[in-house]
Amino acid sequence: MEEQRKPQEWIEDLRGRIDGLRGYLDVPRLKERLDELEHELAAPDLWDDPDRAQQLSQEFHRLKEQVEPLDALAADIDSSADLLELAEAEDDEETLAEVRGDLEDMERRVQRLEFRRMFSGEMDANNAFLEIQAGAGGTEAQDWAEMLLRMYLRWCEARGFQAELVEASPGDEAGIKSAIVKVGGEYTYGHLKVESGVHRLVRKSPFDSGGRRHTSFASVYVYPEVDESIEVEVNPEDVRTDTYRASGAGGQHVNKTDSAVRLTHQPTGIVVQCQNSRSQHSNRAEAWRILRARLYELELQKQREKQQAESAEKGDIGWGNQIRSYVLDQSRIKDLRTGVEIGNTQAVLDGELDSFIEAALKQGVGA
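Treat the numbers as computed from the prediction; the structure is a model and nothing was measured.

A. Geometry of the overall build of the protein. Scanning the protein from N- to C-terminus turns up 10 helices and 11 strands. For the protein, the residues scored as buried account for 42% of the 367 residues in total. For the protein, long-range pairs separated by at least 24 residues make up 64% of all intrachain contacts whose partners lie at least 6 apart in sequence.

B. Geometry of the sheet that holds strand β6 (residues 239-244). Spatially, three strands are ordered β6-β7-β8 in an open sheet, and the strand pairing comes out antiparallel. Every interior strand has two partners, whereas the edge strands, β6 and β8 (270-274), have only one. On average, each strand axis in the sheet is tilted by 15 degrees relative to the strand beside it, whichever way the strands run. Where β6 lies against strand β7 (residues 260-265), six bridges are found, and the strand directions are antiparallel. Within β7, the position partnered with Asp242 by the bridge is Arg262.

C. How the structure looks around the sheet that holds strand β9 (residues 322-327). One open sheet accounts for eight strands, arranged β2-β3-β1-β5-β4-β9-β10-β11; its pairing is mixed. Either end of the sheet is taken by a strand with one partner, and the two such strands are β2 (162-170) and β11 (341-342). Note: β2 against strand β3 (residues 176-184), eight bridges, orientation antiparallel. Note that in β3 the partner of Pro170 across the bridge is Ile176. With respect to the sheet, helix α5 (residues 139-159) is in contact with β1 (128-134), β2, β3, β4 (197-204), β5 (213-224) and β9, its orientation differing from that of β5 by roughly 45 degrees.

D. Layout of the packing of helix α1 (residues 7-25) against helix α3 (residues 50-89). Contact geometry of α1 with α3 gives a least axis separation of 10 Å together with a crossing angle of 160 degrees. The pairing of α1 with α3 is recorded here as roughly antiparallel in orientation. By crossing handedness, the relation of α1 to α3 is classed as left-handed. Along the contact surface, α1 presents Pro7, Gln8, Ile11, Leu14, Arg15, Ile18, Leu21, Arg22 and Leu25, while α3 presents Gln66, Leu70, Asp71, Leu73, Ala74, Ile77, Asp78, Ser80, Ala81 and Leu84. A class-by-class count of the residues in the contact of α1 with α3 yields 12 nonpolar, three polar and four charged.

Thresholds applied
Residues numbered from 1 in each chain as written. Predicted model: local features only at pLDDT ≥ 70, side-chain atom pairs only at ≥ 80, totals over all residues. Heavy atoms only, no water. Helix = DSSP H or I, 4+ residues; strand = E, 2+ residues; numbered from the N terminus. Buried < 20%, exposed > 50% of the residue type's maximum accessible area, 1.4 Å probe, protein only. Contact = heavy atoms within 4.5 Å. Pairing = 2+ DSSP bridges. Axes fitted to C-alpha atoms, helices over the stretch in contact; angles between N-to-C directions. Parallel < 35°, antiparallel > 145°, perpendicular 65-115°, else oblique. Left-handed = near helix turned anticlockwise from the far one by under 90°. Nonpolar A, V, L, I, M, F, W, Y, C, P; charged D, E, K, R; others polar.

Keep in mind these values describe shape, not function.
Spelled out as structure tokens, the structure:
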């Protein structure tokens, strides 16, 4: 346990791990690039080209988020080392306890930074779209899809991620047929990409008067939001646009106008919908963003399939493959890729997914 470690050894261990992170990230190069960006952002004519200005600003803030936490940690460790020296010289147990508390906090901060090293994908830092589709099985599957939606919304809330429900199609009697959530925050796509796949539920059905066990399936598909700097070619002639009245709550205006938008990309069969705004124009723009993201992820998936075929690893990698089994009456949720199993099923359904996500990332799932 960390509290049993000698504080000086703990400090040296933390310093070594920070040095390792600095080397991995090539911090001198990042700082050099930050200086260049700061100079470019100070140019008086920068905003003559708003797109370029936004790209430079985003890059500047992204690099600062990598460099500044390391500098802050190094400074805090130096302060703790000085405080430890004084406390030991004066045999001050109260201050020694304070130093140990500070080191525990710094241990957690270093672990978070080390965890980030697993986000090496080009799009890992981006926002994400999370799409849920109920499988065959009517009310059972549609209720399960809504349970998954609630689970992911709870996970986003706990992590401080922003979750916006872009589209939700209600089920025939209960639950939902489908939903799309836009998730914003630090490395949201990097976290959520490992959740793509089929989720299987086994339970005694609340919709079965005989209380029999039912098996239901729902698919989760995660893809990154792509900005204007990434070229995704879409021929408008290949896309059919339909408008319809938004379903569910939303007031009289939503129910009386065709504000919802559905786009169908005919070459691939991809269909996206958006109905979260009362403005058809806004819904159309968001639907196009989702479509571009879907097509980008489709291209990434083709590349992954090609790489896997070339390396003769013939495992299933499609988004439709079963990844996790939720057996509620046996109090068991198991990830079929990593072997991680959790008995507290309610906690998982309330959004405690980090054990599954971290294990998948450590094993390179979705890379």
